[in-house]
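# Structure at a glance
Listed below, chain by chain, are the residues.
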Amino acid sequence: MAKLKVLIVDDEPGICSGISRILSGYSVNFPFLKEEFTFDTLEVGTGEEALEIINREGADIVLLDNKLPGIYGIDVLEHINKKQIDCSVMMITSHASLDLAIKATNNGAYNFVPKPFTPQELKTAIESITKHLYLRRITKNLNKEDKQIRNQFLSVLSHELKLP
């Protein structure tokens, strides 16, 4: 069983605790996998706290409100994108606009869920983002293995060409 770390960034304590409650007993599994994914949640109320945790500990999934005290969620997302931090971000906000959705998507947000949302809507979004995260990491690992195999092949080929 794999545990994914979910960072909930919202200045409304009720939203944070609600999301944590929904995810506490929830697991995601896919027919093509033998293991299932469960979720450990961590709640913060500001963008600054989110950046501190993301930079120090990292997170697999970030559920990010945009309208926060201090720096906004979109600024946190831009930092994640700029630093190429390996996590998937889902924007959750009641102040949704087309401009914000476009800007968030251009900065790497995987999904955009407007508040209020139902527990089922959250679970569906979490299942989708979990699948995306898993496939992205598998692809990254395959690309890394491909480079290693290519380098090994070139090394052997170079050796054989020098000493047939």
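The structure we're discussing is the one just above.
As a starting point, this report considers the structure included with it. The structure presented is a predicted model; accordingly, all values stated were derived computationally and were not measured. (Residues numbered from 1 in each chain as written. Predicted model: local features only at pLDDT ≥ 70, side-chain atom pairs only at ≥ 80, totals over all residues. Heavy atoms only, no water.)

Time to look at the overall build of the protein. Secondary structure assignment for the protein yields 5 helices and 6 strands. The linear arrangement of helices and strands in the protein, starting from the amino end, is β-α-β-β-α-β-α-β-α-β-α. Looking at the protein as a whole, 38% of its 164 residues qualify as buried. The contacts of the protein with a sequence gap of at least 6 include a subset with a gap of at least 24, amounting to 66%. Counting only carbon and sulfur atoms, one obtains 54% of the accessible surface of the protein, whose full area is about 9,600 Å². (Helix = DSSP H or I, 4+ residues; strand = E, 2+ residues; numbered from the N terminus. Buried < 20%, exposed > 50% of the residue type's maximum accessible area, 1.4 Å probe, protein only. Contact = heavy atoms within 4.5 Å. Areas by Shrake-Rupley, 256 points an atom, 1.4 Å probe, with all protein chains shown as cover.)

All right, on to the packing of helix α3 (residues 73-82) against helix α4 (residues 98-106) then. Running from N to C, α3 and α4 cross one another at 20°; their axes reach a closest spacing of 9 Å. The angle between α3 and α4 falls in the class roughly parallel. The way α3 lies across α4 gives a crossing that is left-handed. Listed contacts from α4 to Ile74, Leu77, Glu78 and Asn81 of α3 are Leu100, Lys103, Ala104 and Asn106. (Axes fitted to C-alpha atoms, helices over the stretch in contact; angles between N-to-C directions. Parallel < 35°, antiparallel > 145°, perpendicular 65-115°, else oblique. Left-handed = near helix turned anticlockwise from the far one by under 90°.)

Function-wise, these values are silent; they only describe arrangement.
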